[in-house]
Amino acid sequence: MNSPFRNVRLINYSYSMTLVSTLITAIAPLIATLVDGLFAGQMLGTASFNAVSVSMPVVNAIGVLTMICNMGGSVLAANQLARGNTRKANQIFTIALVSSVAVALTAVIILFLFMDSIALGLSDDPASAAYVKDYLQVMLLYFLAVPFCTTLNNFIAVSGHPKLTTQAVVAANVVNILLDVVFIGLLHWGIRGAALATVICGLVNIAVLLPFVLSRRSSLKLVRLSAEKWSILKENLRQGIGFNVFYIVTNAFMIACNDLIAGQLGSQSITLFGICLQIQSLPFAVTIGICLAGIPLVGYLRSDDDYEGVLYILNRSLLNVIVFYALLALLMSFFPSLFLTAFGLSDPSWRAMARVPFVCYSIYYFCFCLLAVYTTLSLQLSGRVGAKIFFIFGVSGLSYLCMRLFSFVSPDAIWYGLVVGSIPVPIAAMSYGYWLHRRNPLLSRFTVSSTLPECVKIEFSLEYESNDTSKVDNAVDTFAKICEMTEDEHRKIKTTLDKLCAIAVSNRRQNVKFYDFTLKETEYDYELIVKDAGTPFNMITDCDEELLKELDYQYVFGLNVTKVKWQKSACLNVQA
């Protein structure tokens, strides 16, 4: 049974910590081109801005390929860390890092060998291709740093230290902005200066994280690969493709639309489409960050049979995304001049041209992000990865097809194809999800549970400063009565709970008022779990010798999680 006093404050605390880190980590691979685009547009002119814009698919593609190798692995490693299996988590970490580096190195070699052809293919004329080549030649160094940035950011966050990744990414991007000003504005290094600032940004990110990984505080270590390395790699990639299909589709859509718009509408429309892509890159990373923030925590909660917590996190994630991107879509629709001015296009003629593309693109991208969140939370986490991939490809594919068809009516009608193609697919995806829910409610409705809990469980919230322990005593007594515990077992629960509560109080943070405890009965065991958002405690100094032998302690997602498990007396008698 579950207590009606169940506390969600700790879930909020842990989710919020992970959310900030995941948001900034998701933004990191895309913010480089966003910052470069802003400074190129303001200081270097339209030609340099277009060079950065058309290079975005390449920059994003390499970031996505590395994240396919490590993002799924970070979720799998979080599940292993939640179970205390550090060895398996480090196997996953090692394979994720090695495969990410191998992919990035391969991409750099291909870009280096075919730079001229790639630059000309991304631009519409030889003069523009020269700018693209100058930018990408320097960015080759950044691409070598990307796998280390994304792997360390993802794995350190899920290992219980999201604040550190936040600090690393913030420091790196502040350096990027400052160096753009110096290299472009003061030293006049042009588009190469913008790219060099991005390279140094990646190195700063690594420099902040590396000392922690090499220290004893980190649970992440590079280890010798075991015989199951290929199965781990396969599962990493399978999960990674599912989580990164958004980026794959977005990059393919960028390339296809750049070619279509350039052929039908010319360079000015390419500039407007480039601004749309620059605008969406940052909020889309926010969208994906919000969507993915709860997934490692969901993995931990699933291993703890906390399906109510899973449901809470997933619903909150969906609401965050809808509110955020709906507001941004309204800004793009009604205040396009804000974005045009930011990219150095303040002439009134641009405002008249931008209104239709901005409105149509904002509707398309709102539908895309809504679909991305829905399919991740309702389909992928319930095992329908193929359906998720189908719908994500479907929304961009149908939109592009409609744009192509509308271009036969009139070149200016291309933009309306974005709207006509984007709306039906989210409706179809939600209809499919509703059909799944009607067949089996446990497989959808934003839940990832396909079975009901198979144990007796009581959860309770305690207030640090409360002297009223009657509710807690009643909860423990009720649990003991339901489970038909012996007097010795009942007494041990109360004694152990008192000790763990004392530890939680001694390590509390002043801004946190509550902590939780959970009592569970399985077929053979009783388990007591205390969770608090206090400072990490030292088991040797904070626990007496008797309790130290019995407990299992972890610091995960900003929470102290202390577990004590003991066999039932009846089971001990049977074994004897």
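These remarks concern the structure in this document. Every value quoted in this text rests on a predicted model; they were computed, and no experiment measured them. (Residues numbered from 1 in each chain as written. Predicted model: local features only at pLDDT ≥ 70, side-chain atom pairs only at ≥ 80, totals over all residues. Heavy atoms only, no water.)

Attention now goes to the pairing of strand β5 (residues 559-567). Counting buried positions along β5 gives seven out of nine residues, so the element sits mostly inside the fold. With eight bridges joining them, strand β3 (residues 525-532) and β5 adopt antiparallel strand pairing. Looking at the pairing, I529 lines up with K563 of β5. Pairing between strand β4 (residues 551-556) and β5: six bridges, direction antiparallel. Residue pairing for β5: D552 is matched across the bridge by K563. (Buried < 20%, exposed > 50% of the residue type's maximum accessible area, 1.4 Å probe, protein only. Helix = DSSP H or I, 4+ residues; strand = E, 2+ residues; numbered from the N terminus. Pairing = 2+ DSSP bridges.)

Glancing now at the pattern of salt bridges. It is possible for side chains bearing opposite charge to pair when their charged atoms get close. One pass over the full model with this rule turns up five salt bridges. Two residues, R192 and D134, come together in a salt bridge whose shortest N-O distance is 3.4 Å. With a gap of 58 residues between them, R192 in helix α7 (residues 190-214) and D134 in helix α5 (residues 126-158) connect regions that are remote in the sequence. Among the residues examined, D134 registers a relative accessible area of 27% and is labelled partly exposed. K494 is paired through a salt bridge with D477; the nearest N and O atoms lie 3.3 Å apart. (Salt bridge = Lys/Arg side-chain N within 4 Å of Asp/Glu carboxyl O.)

Remark: helix α13 (residues 385-409) packs on helix α14 (residues 414-422), axes separated minimally by 7 Å, with the N-to-C direction vectors making an angle of 145°. Note on packing geometry: the crossing formed by α13 with α14 is right-handed. Every residue of α14 that contacts α13 at V395, L398, S399, C402, M403, F406 and S407 is listed here: I414, Y416, G417, L418, V420, G421 and S422. Along the lines of polarity and charge, the residues of the contact of α13 with α14 split into nine nonpolar, five polar and no charged. (Axes fitted to C-alpha atoms, helices over the stretch in contact; angles between N-to-C directions. Left-handed = near helix turned anticlockwise from the far one by under 90°. Contact = heavy atoms within 4.5 Å. Nonpolar A, V, L, I, M, F, W, Y, C, P; charged D, E, K, R; others polar.)

The subject of this paragraph is the state of the cysteines. Applying the stated criterion across every chain yields a total of zero disulfides. Here C149 stays unpaired: no disulfide links it, and the sulfur of C201, its closest cysteine neighbor, is 7.2 Å away. Look at C149 and you get buried, because its relative accessible area is 8%. (Disulfide = S-S within 2.5 Å.)

Once that is clear, we can look at the sheet that holds β3. Strand pairing in a sheet relies on backbone hydrogen bonds. The paired strands run either parallel or antiparallel. Strand order in the open sheet made by the five strands is β1-β2-β3-β5-β4, with antiparallel pairing throughout. This sheet does not close on itself; its edge strands, each paired only once, are β1 (456-463) and β4. The sheet shows a mean angle of 15° between the axes of neighbouring strands, taken without regard to direction. Examined bridge by bridge, β1 and strand β2 (residues 514-521) share eight bridges and lie antiparallel to one another. Residue pairing across strands places V456 opposite E521, the latter belonging to β2. Packing against the sheet, helix α17 (residues 487-506) makes contact with β1, β2, β3 and β5, and its axis sits at approximately 15° to β3.

With that settled, the discussion passes to the packing of aromatic side chains. Aromatic rings considered in pairs are described by the distance between their centres and by the relative angle of their planes. Tallied over the full model, the rule gives 14 aromatic pairs. Taken together, a centroid distance of 4.9 Å and an interplanar angle of 20° make the contact between F253 and Y364 stacked. Here the residue F253 occupies a position in helix α8 (residues 229-265), and Y364 occupies one in helix α12 (residues 348-379), the gap between them amounting to 111 residues. Residue classification places Y364 among the buried residues on the basis of a relative accessible area of 1%. With a centroid separation of 6.3 Å and 75° between ring planes, the pair formed by F479 and Y526 is classed as edge-to-face. With F479 in helix α16 (residues 470-482) and Y526 in strand β3, the pair connects residues that are 47 residues apart, well separated along the chain. (Phe/Tyr/Trp six-rings, centres within 6.5 Å; stacked < 30°, edge-to-face > 60°.)

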